Amino acid sequence: MPRSTLPPEARLHRPSEFAAALKGRRLARGALFIVTSAPNDLPPGQNACARLGLIIAKRFAAHASTRNAIKRVIREAFRHRRLALPAKDYVVRLHSKVTPATLTSLKRLARAEVDAHFERITR
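Please read all numbers here as calculations on a predicted model, not as lab measurements. (Residues numbered from 1 in each chain as written. Predicted model: local features only at pLDDT ≥ 70, side-chain atom pairs only at ≥ 80, totals over all residues. Heavy atoms only, no water.)

Student: Just to check I follow, could you spell out the environment of Ala28 for this structure?
Tutor: Residue position: Ala28 is located in strand β1 (residues 25–29). C-alpha separation for the pair Ala28 and Val92, spaced 64 residues apart in sequence, amounts to 9.4 Å. Sequence-distant contacts of Ala28, that is, excluding residues within four places in its chain, are made with Phe33, Ile34, Val35, His117 and Arg120. (Helix = DSSP H or I, 4+ residues; strand = E, 2+ residues; numbered from the N terminus. Contact = heavy atoms within 4.5 Å.)

Pasting the structure below:
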């Protein structure tokens, strides 16, 4: 049984990987996030899995605690669906200003939207 963590191989690290994924196809757009995807350059079969990149800009979420909470929620949602997603590179980008709210309500809103996006992609 695969581990339930998000290993380093399941993340985008280099700017070139982010650039390639951002040039790919836009899969979903919601109130907060845009999800884009592109085929990854991993050899087929071995370690071919979905990889995640996050772009959470300071201009849309001014507080570090807000940005970190959003990233944690997205990573957790991706971790749950990673094995069901097609083996591509995905970038989740915050595209609008976060309205002032409690962190709990923001996390619930972000998780609901990201879950809906990943659910749509797996179908």
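Student: Is there a simple way to think about the pattern of salt bridges in this case?
Tutor: Where charged atoms of side chains with opposite charge meet at close range, the side chains can pair. Enumeration according to the criterion identifies seven salt bridges in this entry. Among the salt bridges present, the one from Glu17 reaches Arg51, with a minimum N-O distance of 3.5 Å. Remark: Arg51 occurs in strand β3 (residues 51–55) and Glu17 occurs in helix α1 (residues 15–23); sequence separation between them is 34 residues. Here Glu17 matches Arg51 in class, with each residue buried. (Salt bridge = Lys/Arg side-chain N within 4 Å of Asp/Glu carboxyl O. Buried < 20%, exposed > 50% of the residue type's maximum accessible area, 1.4 Å probe, protein only.)

Student: Explanation requested: the sheet that holds β3 in the structure shown.
Tutor: Consider a sheet: its strands pair through backbone hydrogen bonds, and that pairing is either parallel or antiparallel. Pairing is mixed in the open sheet, where four strands are placed in the order β1-β2-β4-β3. Where the open sheet ends on each side, the last strands, each with one partner, are β1 and β3. With strand direction ignored, the average angle separating the axes of adjacent strands in the sheet is 20 degrees. In terms of strand pairing, β3 meets strand β4 (residues 88–94) through five bridges, oriented parallel. Note on β4: the bridge partner recorded for Leu54 is Val92. Sheet strands in contact with helix α3 (residues 103–122) are β1, β2 (33–39), β3 and β4, and its direction is about 30 degrees off that of β2. (Pairing = 2+ DSSP bridges. Axes fitted to C-alpha atoms, helices over the stretch in contact; angles between N-to-C directions.)

Student: Is there a simple way to explain the packing of helix α2 (residues 64–81) against α3 in this structure?
Tutor: Each packed pair of helices is defined by two parameters, the angle between the axes and the distance between the axes. For the pair α2 and α3, the least separation of the axes is 9 Å and the interaxial angle reads 35 degrees. The element α2 and its partner α3 pack so that their crossing is right-handed. Touching Ser65, Thr66, Ala69, Ile70, Arg72, Val73, Ile74, Glu76, Ala77, Phe78, His80 and Arg81 of α2 are Leu103, Leu106, Lys107, Ala110, Arg111, Val114, Asp115, Phe118 and Glu119, all from α3. In terms of residue class, the contact of α2 with α3 is built from 11 nonpolar, three polar and seven charged. (Left-handed = near helix turned anticlockwise from the far one by under 90°. Nonpolar A, V, L, I, M, F, W, Y, C, P; charged D, E, K, R; others polar.)

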